[in-house]
Every structure is written in C-alpha cells, then in structure tokens.
Amino acid sequence: MTGPTHRDGPMAFVPDVDRPVLGDDDRHHLARVLRVRDGEPMVVCDGAGRWRRSRFGDDAAIEEGLGDVEVVPAPAPLLQIGFALIKGDRPELVVQKLTELGVDRIVPFTSDHGVVRWDAKRAQRQHGRFERIAREASMQCRRTHLPEVAPVTSFAELAAATPRPLLADVDGTALTSAAVATDAGTVTVLIGPEGGWSAAERSAGLAAVRIGEHVLRAETASIAAATLLAALPPRTADGPFATHDNGG
C-alpha cells in the first residue's frame with residue numbers, strides 16, 4: 001500500500017505551507033465551484049515542491065488537521081517549450097495544456113511569420129493572465145511545482161538565451177531521448193507560427209526535431225511536443241534523460 005500523496009483531494013497554493021492561508025479567490029473556487037465543504041480534506045502546496053494535507057475551512061486560514069510537510073524533488077532536466085504567438089484564445093489553451101503535461105517553463109514569443117503583435121500594455125496584461133491560467137491548471141492537475149510562464153519575447157532573444165534549443169520542423173529528426181540529450185539542465189523545443197519559420201529563423205543554426213508526420217496547427221504542435229517530452233523514458237545509468245516529475 002502507498003501512503004498519502006499530493007493528489008489526495010483538491011489542491012490550493014499558499015505562500016507558506018507551515019502557516020497556510022488561502023487566498024480569497026482560491027477559497028471561493030474551492031467552496032463555490034468544487035463544492036468542498038468545511039472540514040473536508042485537501043492539500044496545500046507552495047508551488048516549489050513542499051506540500052501537506054489539511055482540511056478546508058470556511059475561514060481563510062486552514063490550520064486544522066495539518067499533516068507533515070512532504071517534499072517532491074524538483075524535476076530534472078527542466079522541460080521548456082517556446083511557442084509563437086497565435087490568434088484568439090489559443091495561446092491560453094496552449095499554456096493550460098502545457099501546464100497539465102508537466103512543462104516547467106513556457107515562453108511565448110514573436111516570430112517573423114507570426115501575425116500577432118502585442119503592444120507592451122497588452123503583453124503585460126496577457127502575461128498576468130497566462131500566469132493565472134498556469135496556476136489554475138496546476139491546482140486542477142495536482143502538480144506541486146508551478147511552471148514559470150515567461151513574458152513575451154522574440155525568437156532571436158529566446159534562441160540566443162537558451163542552451164541548445166531545438167526547432168520543431170516536419171523535416172527534423174524524431175523527437176527521441178537521443179535528440180534531446182543535453183547537459184544544460186533544460187530541454188527546449190521551439191514551436192513556430194502557422195506561417196512557418198522564416199529563412200532567417202531556419203538559418204539560426206538550431207537542430208530540428210519532428211513532432212509528427214504532418215504539418216500541425218501551432219497549438220497542436222505545442223501540445224504534441226509536450227506530450228512527447230513527458231513520455232520520454234527516465235534517465236538510466238548510461239542514459240541522457242532524467243526522470244521528470246510530470247505533474248508533481
């Protein structure tokens with residue numbers, strides 16, 4: 001038999017698991033949306049791997065029935081996916097699904113053939129929304145390490161700042177453990193826009209990996225890349241890829 005886990009009951013993030021206090025929005029969500037009743041078991045987590053069992057209280061503080069603090073080790077290597085901005089609410093879908101699939105860092109970026117261009121105010125507003133979506137998705141899927149959602153950047157800036165990024169391309173090599181082998185601590189796959197990569201982006205010298213046999217929609221490619229990365233086998237004594245905490 002296995003002991004209690006962080007997946008036992010609804011989860012909420014708190015600043016400090018030693019003295020957990022629910023935020024108003026989380027308390028409302030638990031009580032009104034999930035219909036958690038006063039005294040029912042739940043889990044509180046700090047978003048950095050520390051969690052403990054607790055019980056829901058009508059007050060913001062939930063100090064009754066606290067279990068021992070447990071720690072889930074940080075995932076390694078980290079999984080990072082950059083995706084070119086796309087129209088409508090599809091970027092929000094991408095952030096939600098990448099969070100559920102265990103991606104550790106999500107980076108929206110602008111690209112040469114992308115049609116979406118946000119001004120600074122819109123980009124800042126969307127970044128805040130992306131962070132909220134990632135937090136809500138993390139609570140839903142019970143992951144103990146909150147993903148980092150980076151502010152919008154450009155393809156050139158992201159490629160230059162990332163060790164050995166991989167370019168998603170239908171003509172690339174299969175996305176396997178060998179293809180993503182790295183000692184940089186982070187595996188990064190970049191997903192282009194619906195219009196495809198520009199000649200300049202293709203000439204940036206990045207290795208290409210194939211997500212599927214067909215040309216995929218941008219949001220499909222992001223989700224498929226995360227799925228393939230999450231499904232790669234764990235590191236062995238001789239292998240390059242480390243065990244990843246998909247969802248905590």
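This text goes with the structure placed above it.
No experiment lies behind these values; they were computed from the predicted model shown.

1. Re the environment of S111
Point 1. Within the fold, S111 resides in the loop between β6 (105-110) and α3 (120-141).
Point 2. When the C-alpha atoms of S111 and F155 are compared, they prove to be 5.6 Å apart, with 44 residues separating the residues in sequence.
Point 3. Other than its neighbours up to four places away in sequence, S111 contacts A84, R117, P193 and E201.

2. Details of the pattern of salt bridges
Point 1. This structure, assessed with the given rule, holds 12 salt bridges.
Point 2. In this structure, the salt-bridge partner of E92 is R129, at a minimum N-O distance of 2.8 Å. Remark: R129 occurs in helix α3 and E92 occurs in helix α2 (residues 90-100); sequence separation between them is 37 residues.
Point 3. In this structure E92 comes out as buried when scored by relative accessible area, which is 18%.
Point 4. Since its relative accessible area comes to 35%, R129 is described here as partly exposed.
Point 5. Close ionic contact of D169 with R202 constitutes a salt bridge, the shortest N to O distance being 2.5 Å.

3. A look at the packing of aromatic side chains
Point 1. The full count for this structure, using the stated rule, is 4 aromatic pairs.
Point 2. Taking the centre distance of 5.4 Å and the plane angle of 50 degrees together, the rings of F155 and W197 count as tilted. You can see F155 sitting in helix α4 (residues 155-161) and its partner W197 sitting in the loop between β10 (186-191) and α6 (199-202), a full 42 residues away along the chain.
Point 3. Classification of W197 as buried rests on a relative accessible area of 7%.
Point 4. Clustering of aromatic rings is evident, with ring pairs tying together F109, F155 and W197.

4. Here we look at the nonpolar core
Point 1. Ranked by size, the top nonpolar core spans 33 residues in total, and within it I81, V95, L175, V189, I191 and L229 carry the most contacts.
Point 2. For this core, the elements supplying multiple residues, two or more each, are β5 (78-84), α2, α3, β9 (166-174), α5 (177-180), β10 and α7 (218-231).
Point 3. For this core, the element with the highest residue contribution is α7, accounting for 5 residues.
Point 4. Aside from chain neighbours lying at most four places away, what touches I191 is I81, G82, F83, A84, F109, A168, W197, A218, A221, S222 and A225.
Point 5. In this structure, M11, L22, I62 and V72 belong to the second largest nonpolar core, which totals 17 residues.

5. Let's talk about empty space enclosed by the protein
Point 1. Considering all chains together, one arrives at 1 cavity of 30 Å³ or more under this definition.
Point 2. What lines the largest cavity is P163, R164, L166, V180, T182, T186, V187 and T188.
Point 3. Residue contributions to the lining of the largest cavity peak at 3 residues, all from β10.
Point 4. When grouped by side-chain class, the residues that make up the lining of the largest cavity number 4 nonpolar, 3 polar and 1 charged.

6. Some remarks on the sheet that holds strand β3 (residues 50-55)
Point 1. Taken together, the 4 strands give an open sheet; going across it, the order is β1-β2-β3-β4, and neighbouring strands pair in mixed fashion. Strand pairing shows two members of the sheet lacking a second neighbour, β1 (11-13) and β4 (70-71), which therefore form its edges.

7. Structural notes on unusual backbone geometry
Point 1. A76 connects to P77 through a cis peptide bond whose omega is -10 degrees.
Point 2. Turning to its location among the elements, P77 is positioned in the loop between β4 and β5.
Point 3. With a phi close to 60 degrees, R35 is a non-glycine residue in the positive phi region.
Point 4. Along the chain, R35 turns up in the loop between α1 (24-33) and β2 (41-45).
Point 5. Look at R35 and you get exposed, because its relative accessible area is 60%.
Point 6. Despite not being glycine, R142 has its phi angle at roughly 65 degrees, a positive value.
Point 7. For R142, the position within the fold is in the loop between α3 and β7 (148-149).

8. Side note on the packing of α2 against α3
Point 1. Remark: α2 packs on α3, axes separated minimally by 8 Å, with the N-to-C direction vectors making an angle of 35 degrees. For the crossing formed where α2 meets α3, the hand is right-handed. Every residue of α3 that contacts α2 at P91, E92, V95, Q96, T99 and E100 is listed here: Q126, R129, F130, I133, A134, A137, S138, Q140 and C141.
Point 2. Of the residues belonging to the contact of α2 with α3, the class tally is 7 nonpolar, 5 polar and 3 charged.

What counts as what
Residues numbered from 1 in each chain as written. Predicted model: local features only at pLDDT ≥ 70, side-chain atom pairs only at ≥ 80, totals over all residues. Heavy atoms only, no water. Helix = DSSP H or I, 4+ residues; strand = E, 2+ residues; numbered from the N terminus. Contact = heavy atoms within 4.5 Å. Salt bridge = Lys/Arg side-chain N within 4 Å of Asp/Glu carboxyl O. Buried < 20%, exposed > 50% of the residue type's maximum accessible area, 1.4 Å probe, protein only. Phe/Tyr/Trp six-rings, centres within 6.5 Å; stacked < 30°, edge-to-face > 60°. Core = buried A, V, L, I, M, F, W, Y, C linked by side-chain atoms within 4.5 Å. 1 Å grid on protein atoms, 1.4 Å probe; cavity = no way out; pocket = protein on both sides within 12 Å on 5 of 7 lines; lining within 4 Å. Points joined across faces, edges and corners; volume = space filled by probe spheres on them. Nonpolar A, V, L, I, M, F, W, Y, C, P; charged D, E, K, R; others polar. Pairing = 2+ DSSP bridges. Axes fitted to C-alpha atoms, helices over the stretch in contact; angles between N-to-C directions. Left-handed = near helix turned anticlockwise from the far one by under 90°.

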